[in-house]
Structure formats: structure tokens, C-alpha cells
Amino acid sequence: MTMKFPNSPLLLLILSILSSLSVSWATSEPVPINGFLQCLPNQFHSGHPIFEAVYTPQNTSFRSVLMARIKNRRFSSPTIPKPLAIVAAKHESHVQATIVCAKQHGLQIRIRSGGHDYEGLSYVSHVPFVVLDMFHLQSVNVSVKDESAWVESGATLGKIYHKIAQKSKVHGFPAGVGPTVGAGGHFSGGGYGNLMRKYGLSIDNIVDAKLVDADGRILDRKSMGEDIFWALTGGGGGSFGVVLSWKLKLVRVPEKVTVFNVTRTLEQGVTDVLYKWQFVAPVLPKDLFLRARPEIENNTEGKKIAEVSFIGQFLGQTHELLPLMNKRFPELGLRREDCHEVSWFESVVFWAELPLGTPRSIYLNLKNKPIPFFKAKSDYVKKPIPKKVIEYMFKAMLEIGNIWMEWNPHGGRMSEISSSATPSPHRAGNLYMIQYYTSWFQDEGIEATNSYIHLTRKLHEKMTPFVSRNPREAFQNYRDLDIGANLYNQSNLLTARAYGSKYFEGNFERLVRVKTMIDPHNFFRHEQSIPPI
């Protein structure tokens, strides 16, 4: 039996990759990798030899270095094109040399920090390319005195949190809950987490950055100017240059915070609880972040069941939290035994789904979990979704099976920041953001991939009338080629507007002007980059 699949942007991308392999990589014309490699040691002499940082397919470590930070198995198959070289930069001069030599020899670069790009754009290209891997550039220097930290782009969120906690019990930083996520991509795309209702996104708390531009110059906020700095804080990675490091403004947290995770099933009336959550979570006090996570699990009998985990963090203690929850959200039935009073760093461990009491040092050397195949999408919700739609949603999720969603409440500080303050415009007027995440481990091959992706798109399509529209907004950190992509190495402005309007709304045009200013020849580009005029 022959199964038919939708003519998707992802499928077109894969086909174009395979086509380019046979046309441009297998012709008699040599790919200019030799010239690139010979160019590298002649640039930016700094006492840090670059040859130690370069891996080619002939190197025995090439595959392990490439695969170490591929977080989506859809992009690890043998048919996906591999880079002609990987430069695992150990010094800023290595970044400068990679840019200058790639530009001189007609190679594209893809910039990778943690490897969590949902569509693999930080390590896959359909034209001859090299990967600039930032994982060695991971220093974190915390200054409690002026409540700041300089963080290199290769540092993981886990390392950042660990270093802050080493220096202070009353400081933190608003960012995500994934400890292996790299700072470079996370901050470039906005960066949100459980402190956003109190302090906003990561980008709302970044005060400086060091950028290498297309000419190899290193610029800080003062020398690059406010327009370029603005574009870096949420305009997406891989469009304007390579950010070496970021200066964070630390935020104050109590010595003890309260966390909880309460799960309710359909049989326990979770549809009504989730419906009520929409009215409550976005208007709770700023100190309380309450995520809803609808998901499908197997019960003790192996039967798939739908349930919702309500995961909360309160910047205070249990005796303050319980009266608040009993008054504002009694339907959840939060009890004292559900609550854990922990330090802010221990709350980070809790959100990473590690056991409370996990030694702090483990956070620096977390072993990678099994890497799934996955597809993700996102939405913003401005009006509560009707109860009947929630009922349909659960039915669709049971059909897909390996899916969960995250409903992340806005309000609080998020409603106070102007939509143009940073490129990320999703501020006042949004009740919450949805992430759809379908994953699978065992079912390999294009048929399984297309089947899961088709079901995910089907659920996303059914939600269309109940989420934002004109445009249907999406979160840039959850990159999604379905919403528009410049394939075949093109940079069409009209195509870019399709995805740019969803990620950036009215800020897209300003991003285009900044791109024209900093990179007029469009050296830094990928399928969803910002093009110049």
C-alpha cells in the first residue's frame, strides 16, 4: 500500500537538500573547502591556534562532535547533508576567522550553541556549509556587586543557574527550564521561563552583548548602536552576526520559593479545571507562575489516558500560597502536601524534572536523555478556548498518542512591556502561549515521520478559530518551517514576511532595516533568517 503525505515545507526542504547534493556536491567542480581550511590559520593571530578546533569528515571525532548537539533525530539520518567542516571555536578569534574565510570562499555557516533548534537550522543546510560550534565558549562570570553576569553563547542554562547560585541565594535570571539549552539560541529567540510574569523574558533583562559581524569585527552595545542591539535581543539567531557573549541583569528572588505539580485526569474533571485555568492563571499576582501541561500517558494497565499537570512556582512560602490558591483557584484543590519550599536553584532542578535534592554539581554534567524525533508548533491565545474545544483537543491528543502541550500564562510583567521594546511582540492582550510537542523514539523512517507530523498539523489546524489571527502568531524559539521558509538558498522578502509577521508582527520591518545596515550582502542566512532590502 502506498501512503500519501502532505506537500509540506519540511518535505520540500528535504527534497531540495537531496537535489543539491547531486547537483552541487557531486559535480566535477571542487567545493571550496580546501581554500577555507587554508585561510583559517592566516586570520586574527591571537596565540590560540585554530587547527585544534577544526574537524573535517576525515577526522575520527567528526561524527561524535556533530552528533553531540543534535537534539532532534529527524535531522541525524544519513540522508541529511553534513557540514564540510566543524569549527568548534575555543577563542573569539576562531569565530572571526570562520566568518571571514567562509565569506571569502563562498561557504554558508550555521551557528550552533546547544543544538536545540527545533528545525535543525543551526547544523543543517542544503548548500555547502560549515558549522560554527560554540560549545567551548561557555564561561559565566557573575558579579553580585552590580547584579550582573557575562555569559558566553555556548554556556548552557544549567551552567548559568549553577554559577549564579554559587554566588548568591537571592539572585536568579528569567530563562527556560531546559538545563542543556544553549544561551546563544535561547536569548536570540526571546527566552521565556517561570519568572516571566514577574520579570519578563530573558531579552528584557539583557543589557549588553558582544557581536562578531560579517567583516569579523567585534562590537559591543555602544559600538554596534541601539538598533543592532535591539535586533539581537529576540530577532532570531543566525541573521545579524555571531553573538559571543551576553551581559545579563540578574533579578532578585527569595531565599525560599514554593513549587508544586498537581495532576488531574479526565475522570477527575480536568476539562472543567483547565477551562477555569484560562481565566485565572493570566491574572494571578506576578509572583505566581502556573503552567498547565495537557499530555497523554499510559496508566498501570497500559491504556492511554489524558491528563493535565498544573505546575507552579510561587516566589514566597506555602502559608502565603495556599490562601491565595484557595480563593482564586479552588477547583485545583491544592494541598499543603503538594507544595515544596526550596531554594531558587532547587526550583530549577524541580522544573528540569530531576529529583529534589539532586546534588548541585550534577547540573554541570547532565547526561543527555535519549534523543527523540519530534515536531513542535506554537500559538498565542487571546480569548478563553471553549470547553467543547478542549474536549475535542483531548480526543485528538489521544489519537496522536505521543504528544504533550504546554499552556504558559502571560499577564503580569509581560503585559507591561511594549510590543516594540524588543523584537518579540507577544505582550499585552495574550492570555497564554501554547506549545504543541509530538515526539517518537522507535518509529523510524519517512512514513512514521510524516504520519506524526500530519497528526500534529491536524490538531494545530483545528485550533485555528480559537487562537490569534491576522497574523496567527508564533514564538520564534519554537522554530516551525510550516509557517513559511525561504528554501533553495533564496532570501525572498515576501516569503520572509510570511514567517516574520508571525514571529515579530510589526517589528519585522525594523528587523529588515537593521539587517540591511549590519549585513547588506546577506552572508548570515538560513531558511527563516531576516533578509536585507
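Up top you'll find the structure we're talking about.
Note that this is a predicted model, so its numbers are computed, not measured.

**So, the overall build of the chain**
Consideration 1: Along its length, the chain carries 16 helices and 18 strands.
Consideration 2: For the chain, whose C-alpha radius of gyration is 23 Å, the value lies close to the compact-globule estimate of 24 Å for 533 residues.
Consideration 3: Burial status across the chain gives 58% buried among its 533 residues.
Consideration 4: Considering only contacts within the chain whose residues lie at least 6 apart along the sequence, 74% involve residues at least 24 apart.
Consideration 5: Side chains of the chain give 61 positive and 47 negative charges; the mean places of these two sets differ by 1 Å.

**A short note on the packing of helix α15 (residues 493–504) against helix α16 (residues 508–518)**
Consideration 1: The N-to-C vectors of α15 and α16 enclose an angle of 125°; their axes lie 9 Å apart at closest approach. By the angle class used here, α15 and α16 are oblique. Contact residues: α15 offers Leu493, Ala496, Arg497, Gly500 and Phe504, while α16 offers Phe508, Glu509, Leu511 and Val512.
Consideration 2: A breakdown of the residues in the contact of α15 with α16 according to their chemical character gives 6 nonpolar, 1 polar and 2 charged.

**Structural notes on empty space enclosed by the protein**
Consideration 1: Counted according to the given criterion, the structure contains 6 cavities of 30 Å³ or more.
Consideration 2: Put simply, the largest cavity is a space of about 80 Å³.
Consideration 3: Along its surface, the largest cavity is lined by Tyr161, Phe173, Pro174, Ala175, Gly176, Val177, Asn194, Leu195, Trp344, Ser347, Val348 and Trp351.
Consideration 4: It is helix α12 (residues 344–351) that contributes the most residues to the lining of the largest cavity, 4 residues altogether.
Consideration 5: The class makeup of the residues in the lining of the largest cavity is 9 nonpolar, 3 polar and no charged.

**Focus on unusual backbone geometry**
Consideration 1: Following asparagine 470, the chain continues into proline 471 via a peptide bond in cis, with omega recorded as 5°.
Consideration 2: Tracing the backbone through its elements, the reader meets proline 471 in the loop between α14 (446–462) and α15.
Consideration 3: Phi is positive for glutamate 147, which is not a glycine, with a value near 55°.
Consideration 4: Here glutamate 147 shows up in the loop between β5 (140–143) and β6 (148–152).
Consideration 5: With a phi close to 65°, asparagine 489 is a non-glycine residue in the positive phi region.
Consideration 6: Structurally, the position occupied by asparagine 489 is in the loop between α14 and α15.

**Examining the sheet that holds β5**
Consideration 1: Strand order in this open sheet of 5 strands is β5-β6-β10-β8-β9, and the pairing throughout is antiparallel. Edge strands, defined here as strands with exactly one partner in the open sheet, are β5 and β9 (218–219).
Consideration 2: Its contacts with the sheet place helix α5 (residues 157–167) against β5, β6 and β10 (242–249), and it is angled at close to 35° to β5.

**Quick notes on the pairing of β10**
Consideration 1: The buried count for β10 comes to 6 of 8 residues, which makes it a mostly enclosed element.
Consideration 2: As defined by bridge partners, β6 adjoins β10 across 5 bridges and the pair is classed as antiparallel. Among the inter-strand pairings, valine 151 is bridged to a residue of β10, identified as tryptophan 246.
Consideration 3: Alignment of strand β8 (residues 206–212) against β10, held across 6 bridges, turns out to be antiparallel. What sits directly across from valine 212, in β10, is valine 242.

**Quick look at the sheet that holds strand β17 (residues 403–409)**
Consideration 1: As summarised here, the arrangement of the 7 strands in space is β15-β12-β14-β13-β17-β18-β16, forming an open sheet in which the pairing is antiparallel. Edge strands, defined here as strands with exactly one partner in the open sheet, are β15 (339–342) and β16 (373–381). Strand after strand, the sheet turns through a mean of 15° between neighbouring axes, direction not considered.
Consideration 2: Of the pairings in the sheet, the one linking β17 to strand β18 (residues 432–440) comprises 7 bridges and is antiparallel in character. Bridged to isoleucine 403 within β18 is threonine 438.

**Remarks on the pairing of β6**
Consideration 1: The pairing of β5 with β6 spans 4 bridges and is antiparallel. Considered in β6, the bridge of valine 140 is made with valine 151.
Consideration 2: Taken together, β5 and the strand that follows it, β6, pair antiparallel across an intervening segment of 4 residues, in which glutamate 147 is found at a positive phi of about 55°.

**Comments concerning the state of the cysteines**
Consideration 1: A complete count under the given rule lists 1 disulfide for this structure.
Consideration 2: The disulfide bridge from cysteine 39 ends at cysteine 101, spanning 2.1 Å between sulfur atoms. The S-S bond linking cysteine 39 to cysteine 101 shows a torsion near -80°; that makes this disulfide left-handed. Pair noted here: cysteine 39 is in helix α2 (residues 33–39) and cysteine 101 is in helix α4 (residues 92–104), with a separation of 62 residues, a long-range link.

**So, the pattern of salt bridges**
Consideration 1: Throughout the structure, instances matching the rule amount to 34 salt bridges.
Consideration 2: For glutamate 119, the salt bridge goes to arginine 74, with nearest N and O atoms at 3.3 Å. On the criterion of sequence distance, the pair formed by glutamate 119 in the loop between β3 (108–112) and β4 (129–133) and arginine 74 in the loop between α3 (62–67) and β2 (85–88) is long-range, its members being 45 residues apart.
Consideration 3: On the accessibility criterion, glutamate 119 (2% relative accessible area) is buried.
Consideration 4: Among the residues examined, arginine 74 registers a relative accessible area of 8% and is labelled buried.
Consideration 5: Two residues, lysine 382 and glutamate 473, come together in a salt bridge whose shortest N-O distance is 3.1 Å. Highlighted residues: lysine 382 in the loop between β16 and α13 (387–400) and glutamate 473 in the loop between α14 and α15, separated in sequence by 91 residues.
Consideration 6: The partly exposed category is assigned to lysine 382, whose relative accessible area is 36%.
Consideration 7: Classification of glutamate 473 by relative accessible area gives buried; the value is 5%.
Consideration 8: Within the structure, one salt-bridge network assembled from shared partners comprises Arg74, Glu119, Lys375, Lys377, Arg457, Asp480 and Asp482.

**Section: the packing of α13 against α14**
Consideration 1: Between α13 and α14, the least distance of the axes is 10 Å, while the angle of their chain directions is 175°. Our classification of the angle between α13 and α14 gives roughly antiparallel. Contacts between α13 and α14 involve Tyr392, Met393, Ala396, Met397, Glu399 and Ile400 from the former and Tyr452, Leu455, Thr456, Lys458, Leu459 and Lys462 from the latter.
Consideration 2: Of the residues in the contact of α13 with α14, the class split is 8 nonpolar, 1 polar and 3 charged.

Reading guide: rules and limits
- Residues numbered from 1 in each chain as written.
- Predicted model: local features only at pLDDT ≥ 70, side-chain atom pairs only at ≥ 80, totals over all residues.
- Heavy atoms only, no water.
- Helix = DSSP H or I, 4+ residues; strand = E, 2+ residues; numbered from the N terminus.
- Rg over C-alpha atoms; globule rule 2.2 N^0.38 Å.
- Buried < 20%, exposed > 50% of the residue type's maximum accessible area, 1.4 Å probe, protein only.
- Contact = heavy atoms within 4.5 Å.
- Lys, Arg positive; Asp, Glu negative; His and termini not counted.
- Charge placed at Lys NZ, Arg CZ, Asp CG, Glu CD.
- Axes fitted to C-alpha atoms, helices over the stretch in contact; angles between N-to-C directions.
- Parallel < 35°, antiparallel > 145°, perpendicular 65-115°, else oblique.
- Nonpolar A, V, L, I, M, F, W, Y, C, P; charged D, E, K, R; others polar.
- 1 Å grid on protein atoms, 1.4 Å probe; cavity = no way out; pocket = protein on both sides within 12 Å on 5 of 7 lines; lining within 4 Å.
- Points joined across faces, edges and corners; volume = space filled by probe spheres on them.
- Pairing = 2+ DSSP bridges.
- Disulfide = S-S within 2.5 Å.
- Salt bridge = Lys/Arg side-chain N within 4 Å of Asp/Glu carboxyl O.

Shape is all these values report; function is a separate question.
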